[in-house]
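For reference, the chains in residue letters:
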Amino acid sequence: MFRYFLALILCCVAPIAAQAINQGPITVPDSWTQAKSNPNYAFRIDSYKLGKEQHQSLSLMDLQAYETGDYDKAVVELVDSAVVKEINPIFDVSPDGSSVVFQVVARAGGGLLDSVIFMTIPDAKDIQDMVLNNIFSDGVSKKEQDLYKITDIDFEAKKNSNIATLSYKNQDKELQVAYDSDTAIPLLSDDLESRILSFYGGKLPANARIATVNDDSILSSDKELTVQIKDIKHKFILNQDNEILVFQAESATGEILNFTRYFQYGSLISQETYSKNGNKIFSSSAIGSHAYNAGDFAYFAYAKEAQRLSYDENLSQIKHSYGGHLKSSIDGIESRMKFLN
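Bear in mind that the values here come from a model prediction, so they are computed numbers and not experimental data.

### Digging into the sheet that holds strand S4 (residues 75–81)
- The strand order across the open sheet built from 4 strands is S1-S2-S3-S4, with neighbouring strands paired in antiparallel fashion. Edge strands, defined here as strands with exactly one partner in the open sheet, are strand S1 (33–34) and S4.
- In terms of strand pairing, S1 meets strand S2 (residues 41–50) through 2 bridges, oriented antiparallel. Residue pairing in the sheet places Gln34 in a bridge with Ala42 of S2.

Dropping the structure here:
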């Protein structure tokens with residue numbers, strides 16, 4: 001069973017200072033792809049079989065450390081998982097070496113889950129210490145064509161921050177979303193619709209729409225808003241500051257599929273998710289705006305997939321997540337998983 005926990009570990013890390021003045025061109029080893037926005041770094045996608053499982057991995061190399069022969073510090077694995085089905089070959093490092101962005105597609109919940117992942121490089125500039133900044137997901141899609149794949153990443157330096165504009169495309173639509181790559185949140189306005197878009201990482205899932213007032217879904221008096229995704233409804237209840245208080249998933253007939261409530265202690269935002277049977281199946285905590293997005297649902301879906309041979313809602317519970325760490329229990333026996341960080 002322990003190997004299923006290991007299957008999901010995504011080890012993270014972080015870059016080093018800029019290329020020295022007058023230094024010659026950096027050599028990029030075979031099979032590595034140099035980062036578009038920062039020539040000091042390169043990526044490599046690998047696939048290998050371990051037993052009956054096919055693993056996908058994504059590595060990051062600090063080319064300067066590699067050239068000096070410091071191989072232990074030069075390469076880190078950002079992803080190494082049997083749950084990940086595909087790694088998008090569009091990835092990048094910001095020009096100042098402070099942010100890394102990439103996308104993976106994983107098997108989850110009988111479908112596919114795309115996750116756009118932002119990582120931050122600490123001031124120490126050691127890629128071995130890179131940490132998860134944020135993760136955005138559109139939720140589980142049954143068709144790969146519905147997933148929004150990144151087609152381009154464009155960094156722009158602003159005062160005290162980096163703006164990362166991500167271009168997305170699926171079978172029906174193309175769009176661009178700008179993010180503050182240091183805080184890893186979409187740069188949207190403060191209106192109610194933008195708040196909901198921010199929950200989904202700046203864009204609605206495929207085949208989704210925000211229901212209109214005439215569609216019997218927005219009750220402006222109590223700030224309730226519904227997102228229709230094919231036969232599923234996502235119902236949001238927000239306070240006067242457009243902060244999410246309740247998120248509820250319903251079937252087309254109005255049956256509650258899961259229910260999440262948010263509550264705040266100081267700057268710490270916590271959430272608790274309950275199944276349709278009222279069982280508490282997941283909880284998480286984050287600081288400020290990082291709590292109000294669909295990333296936690298990505299953790300939950302990954303965790304269920306990792307435990308697919310032993311997961312039973314009556315025995316197994318994903319108990320808590322903080323900064324990419326998950327605690328779960330199987331028939332009362334606690335286990336811990338590390339996704340990112």
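Moving on from the coordinates now.
### So, the pattern of salt bridges
- Across all of its chains, the model carries 11 salt bridges by this definition.
- With a shortest N-O distance of 2.9 Å, Asp152 and Lys36 are connected by a salt bridge. With a gap of 116 residues between them, Asp152 in strand S10 (residues 149–158) and Lys36 in the loop between S1 and S2 connect regions that are remote in the sequence.
- The class of Asp152 is partly exposed, set by a relative accessible area of 32%.
- Through salt bridges that share partners, Lys85, Glu86, Glu144 and Lys149 make up one connected network.

### What about the side chain of Asp62?
- Turning to its location among the elements, Asp62 is positioned in strand S3 (residues 53–62).
- Polar contacts involving the side chain of Asp62 include one to the main-chain amide nitrogen of Gln64, which spans 3.1 Å.

### Examining the packing of aromatic side chains
- A complete count under the given rule lists 11 aromatic pairs for this structure.
- Ring geometry for Tyr200 and Phe236: centres 6.1 Å apart, planes at 85°, overall edge-to-face. Note that Tyr200 is positioned in the loop between helix H4 (192–199) and strand S14 (208–210) and Phe236 in strand S16 (residues 232–238), a separation of 36 residues in sequence.
- On the accessibility criterion, Phe236 (0% relative accessible area) is buried.

### Some details on the sheet that holds strand S11 (residues 161–169)
- Spatially, the 4 strands line up as an open sheet ordered S10-S11-S12-S13, and their pairing is antiparallel. Two strands in the sheet have a free side with no partner beyond their single neighbour: S10 and strand S13 (185–186).
- Inspection of the sheet shows S10 paired to S11 by 9 bridges, in the antiparallel sense. Pairing of Phe155 across the sheet is with Ala164, part of S11.

### Examining the pairing of strand S17 (residues 244–250)
- Most of S17 is tucked away: 6 of the 7 residues are buried.
- Bridge analysis of S16 against S17 gives 6 bridges, and the strand direction is antiparallel. Bridging from a neighbouring strand, Phe236 pairs with Phe247 of S17.
- From the end of S16 to the start of S17, which pair antiparallel, there are 5 residues, and Asn242 there has a positive phi angle of about 60°.
- By the bridge criterion, 5 bridges tie S17 to strand S18 (residues 256–265) in an arrangement that is antiparallel. Bridge pairing links Phe247 to Thr260 in S18.
- Turn length for the S17-S18 hairpin, with the two strands adjacent in sequence and antiparallel, is 5 residues, and the turn residue Gly254 shows positive phi of about 95°.

### Things to note about H4
- With respect to burial, H4 is a largely interior element, 6 of its 8 residues being buried.
- Of the residues making up H4, those classed as buried are Ser194, Arg195, Ile196, Leu197, Ser198 and Phe199.
- For H4, the N-terminal cap is Asp191; the gap from its side-chain oxygen to the backbone nitrogen of Glu193 is 3.2 Å.
- One or two positions beyond H4, positive phi appears at Gly201, with a value near 80°.

### Some thoughts on the pairing of S2
- The antiparallel pairing of S1 with S2 creates a hairpin that spans 6 residues between the two strands.
- Across 10 bridges, the pairing between S2 and S3 is antiparallel. By the bridge assignment for S3, Ala42 is matched with Met61.

### Things to note about the nonpolar core
- Grouped together as the largest cluster of nonpolar side chains are 22 residues, with contacts concentrated most on Phe43, Leu58, Leu60, Leu78, Val79, Val100 and Phe102.
- Elements represented by at least two residues in this core include exactly S2, S3, S4, strand S5 (84–87), strand S7 (99–108), strand S8 (111–120) and strand S9 (131–141).
- Of all hydrophobic cores here, the second largest spans 17 residues; its members include Ile196, Phe199, Tyr200 and Tyr292.

### What to know about the side chain of Ser194
- Its location among the elements puts Ser194 in helix H4.
- Among the residues examined, Ser194 registers a relative accessible area of 9% and is labelled buried.
- Contacts of Ser194, omitting those with residues within four sequence positions, involve Leu188 and Ser189.

### As for unusual backbone geometry
- Phi angles above zero are rare outside glycine, and Ala184 is one such case at about 55°.
- Of note, Ala184 is situated in the loop between strand S12 (174–180) and S13.
- Phi at Asn242 takes a positive value of approximately 60°, unusual for a residue other than glycine.
- Along the polypeptide, Asn242 turns up in the loop between S16 and S17.
- Looking at Asn242, the relative accessible area reads 10%, which means it is buried.

Reading the values: rules and limits
- Residues numbered from 1 in each chain as written.
- Predicted model: local features only at pLDDT ≥ 70, side-chain atom pairs only at ≥ 80, totals over all residues.
- Heavy atoms only, no water.
- Pairing = 2+ DSSP bridges.
- Helix = DSSP H or I, 4+ residues; strand = E, 2+ residues; numbered from the N terminus.
- Salt bridge = Lys/Arg side-chain N within 4 Å of Asp/Glu carboxyl O.
- Buried < 20%, exposed > 50% of the residue type's maximum accessible area, 1.4 Å probe, protein only.
- Polar contact = N/O pair within 3.5 Å; in protein donor to acceptor, adjacent residues only side chain to side chain.
- Phe/Tyr/Trp six-rings, centres within 6.5 Å; stacked < 30°, edge-to-face > 60°.
- Core = buried A, V, L, I, M, F, W, Y, C linked by side-chain atoms within 4.5 Å.
- Contact = heavy atoms within 4.5 Å.

Taken by themselves, the reported measurements are silent on function.
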